[in-house]
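# Observations on chain architecture
Now for the letters of each chain:
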Amino acid sequence: MILNPKFPLYLPGVKNSNNDNVSIIGANLREDITTLGYFISSNEGLEIKIQNNYPTKEYSSFSEILKKFIQDNGLENVKRLGIAVPGPVINGKSHPARIGWSFDVEVFTRDFGFEKVEMINDLEASAYGMGLLEDADLDPIYTSGHLEKGNVAILAPGNGLGEAGYFFDGKYLRPFATEGGHSEFSPRTNVEVEFYQFLNNIYGIVSWENVLSKTGLFNIYRFLRDVKRHPEPEWLSERLANGNFVQEIYKAAVEDDVLICKIALDTFLEFLAREANNLTLKLKATGGLLISGDIPQTISDYINKDKFYEKYKISDKMEEMLRNIPIYLIKQNQTALNGVSLYTAYYQE
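Read on for a plain summary of the structure. (Residues numbered from 1 in each chain as written. Predicted model: local features only at pLDDT ≥ 70, side-chain atom pairs only at ≥ 80, totals over all residues. Heavy atoms only, no water.)

### With respect to the overall build of the protein
When helices and strands are tallied, the protein shows twelve helices and 13 strands. Here the C-alpha atoms of the protein give a radius of gyration of 21 Å, agreeing with the 20 Å that 2.2 N^0.38 yields for 349 residues. Reported as C-alpha extents along the three principal axes, the dimensions of the protein are approximately 60 × 45 × 35 Å. Residues counted as buried form 53% of the 349 residues belonging to the protein. The contacts of the protein with a sequence gap of at least 6 include a subset with a gap of at least 24, amounting to 70%. Total accessible area on the protein is roughly 15,800 Å²; 46% of this is exposed by carbon and sulfur atoms. (Helix = DSSP H or I, 4+ residues; strand = E, 2+ residues; numbered from the N terminus. Rg over C-alpha atoms; globule rule 2.2 N^0.38 Å. Buried < 20%, exposed > 50% of the residue type's maximum accessible area, 1.4 Å probe, protein only. Contact = heavy atoms within 4.5 Å. Areas by Shrake-Rupley, 256 points an atom, 1.4 Å probe, with all protein chains shown as cover.)

Structure (structure tokens):
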């Protein structure tokens, strides 16, 4: 995996020969699946040697998963560890609510003997990982043909709602994390006010993550079913209870032409366009908008790109800026794992 010049990342250690041929374990933590990879740094990029998935909830700690990965693959004297976590990292510590574990860089350094341990937010890690994407991994929703200069926004609905960005310093893109997914959702139409009230009774404070995530898609669906009384076929109820909710909603909409599922996906995509607009404006992301995450990747064939773009660019006064910003859907789903490993290999001298 070699750096794509479309993403001129700030990685000061790339030219340092001390970072060549270094062994790295990268880890991407999620509430359902934890993915670990064994990498070797080379030629200003990364070569992945091993990759394993572990069901997160079957383990009592990340240390237990890490020990198993090392033992299963007979790894010895690995130099560095990089961890991507779904939550804020402050002073080398993190307590991501969706996982329920505590992480401390000093503890992993001490217990496993790594020469260096890095830990960053998972969407910040994805931002680094996007620097390793090939052009074929970028599916244009709207583009003038290339990423312009300027800040870049990243929006990723999955188990939660990840939001991050790149600050463009005039030469390099510098990834940074946000917790913007926990900012408050605001309705626009009368039906959305009903939806807000429905969620307010459940959550109290209604965040964008309550709308744009796997739980958010379920919230939209059950509002349509329970409040707006759209009929749910009995067979669909059984499939939703036993299968992957997002995949089943998508299949029912596309293959079975089920109206409630179509409306749920359309509503989700309208909210996605609106929050993409919000994030782009707040970051002044004239360099582009990147949409990632499990849900957009799962339903990519359903997305009407022209309709999404028209919804996205609606603004009180900023439509001229918004309409010129390129938008890409990211098709690769290992950006966090690759990105935290890239960061661990090359971020510092």
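Structure shown, so let's carry the discussion forward.
### Details of the packing of aromatic side chains
In the structure shown here, the tally under the stated rule is 22 aromatic pairs. Seen in terms of ring centroids, Trp101 and Phe103 are 6.5 Å apart; in terms of plane orientation they differ by 50 degrees. Their pairing is tilted. Considering the side-chain rings of Phe185 and Phe271, the 5.2 Å spacing of their centres and the 85 degrees angle between planes classify their relative orientation as edge-to-face. Here the residue Phe185 occupies a position in the loop between strand S11 (173–177) and helix H4 (190–203), and Phe271 occupies one in helix H8 (residues 259–283), the gap between them amounting to 86 residues. Residues Phe185 and Phe271 agree in their burial class; the two are buried. Aromatic ring contacts, followed pair by pair, group Phe185, Phe195, Phe198, Trp208, Phe223 and Phe271 into a single cluster. Note that Arg174 overlies the ring of Tyr10, its terminal NZ or CZ placed 3.7 Å from the centroid. (Phe/Tyr/Trp six-rings, centres within 6.5 Å; stacked < 30°, edge-to-face > 60°. Lys NZ or Arg CZ within 6 Å of the ring centre and 35° of its normal.)

### Re the layout of surface pockets
One number sums up the size of the largest pocket: a volume of about 760 Å³. Around the largest pocket, the lining comprises 43 residues; the ones closest to its centre are Asn28, Arg30, Arg98, Asp122 and Asn159. Listing elements by their share of the lining of the largest pocket, those giving two or more residues are strand S2 (33–42), helix H3 (122–129), strand S9 (152–157), strand S10 (161–168), helix H9 (294–298) and helix H12 (335–346). Residues that form the lining of the largest pocket fall into these classes: twelve nonpolar, 22 polar and nine charged. Roughly 300 Å³ of volume is contained in the second largest pocket. As for the second largest pocket, its lining consists of 16 residues, of which Glu31, Arg98, Asn159, Lys214 and Thr215 are closest to the centre. Elements represented by at least two residues in the lining of the second largest pocket include exactly helix H5 (214–226) and helix H7 (245–254). For the lining of the second largest pocket, the per-class residue count stands at three nonpolar, seven polar and six charged. (1 Å grid on protein atoms, 1.4 Å probe; cavity = no way out; pocket = protein on both sides within 12 Å on 5 of 7 lines; lining within 4 Å. Points joined across faces, edges and corners; volume = space filled by probe spheres on them. Nonpolar A, V, L, I, M, F, W, Y, C, P; charged D, E, K, R; others polar.)

### A look at the sheet that holds strand S13 (residues 327–330)
Spatially, the six strands line up as an open sheet ordered S8-S13-S12-S9-S10-S11, and their pairing is mixed. Strand pairing shows two members of the sheet lacking a second neighbour, strand S8 (138–142) and S11, which therefore form its edges. With strand direction ignored, the average angle separating the axes of adjacent strands in the sheet is 25 degrees. Bridge count for S9 against S10 is six bridges, and the pairing is antiparallel. Bridging from a neighbouring strand, Leu155 pairs with Glu163 of S10. (Pairing = 2+ DSSP bridges. Axes fitted to C-alpha atoms, helices over the stretch in contact; angles between N-to-C directions.)

### Some points on the pairing of S11
One ladder, built from five bridges, connects S10 with S11; its direction is antiparallel. Paired with Phe167 across the strands is Arg174, a residue of S11. Hairpin connection between S10 and S11: a loop of four residues separates the two successive antiparallel strands, and Gly170 in this loop has a positive phi of roughly 105 degrees.

### A closer look at the pairing of S10
The side chains of a regular strand alternate between the sheet's two faces. Burial of S10 is extensive: seven of the eight residues sit out of reach of the surface. The antiparallel hairpin formed by S9 and S10 contains three residues in its connecting segment.

### A few points about the sheet that holds strand S1 (residues 23–28)
Spatial strand order, S3-S2-S1-S4-S7: five strands in an open sheet with mixed pairing. A single partner strand is all that each edge strand has here, and the edge strands are strand S3 (45–55) and strand S7 (116–121). Sheet twist, expressed as the mean angle between neighbouring strand axes with direction ignored, is 20 degrees. The pairing of strand S4 (residues 80–85) with S7 spans six bridges and is parallel. If you follow Ile83 over to S7, its bridge partner there is Met119. Strands in contact with helix H1 (residues 62–72) are S1, S2, S3 and S4; relative to S2, the strand with the most contacts, it is inclined by about 50 degrees. Where helix H2 (residues 105–112) meets the sheet, it contacts S4 and S7, and its direction lies at approximately 150 degrees from that of S7.

### Overview of the nonpolar core
Of all hydrophobic cores here, the largest spans 52 residues; its most connected members are Phe195, Tyr221, Cys261, Ile299, Phe308 and Tyr312. If you tally residues by element for this core, the top one is H8, at twelve residues. Those residues in contact with Phe195, other than ones at most four positions away along the chain, are Phe185, Val211, Asn219, Ile220, Phe223 and Phe271. Ranked by size, the runner-up nonpolar core spans 35 residues in total, among them Ala125, Tyr128, Met130 and Tyr346. (Core = buried A, V, L, I, M, F, W, Y, C linked by side-chain atoms within 4.5 Å.)

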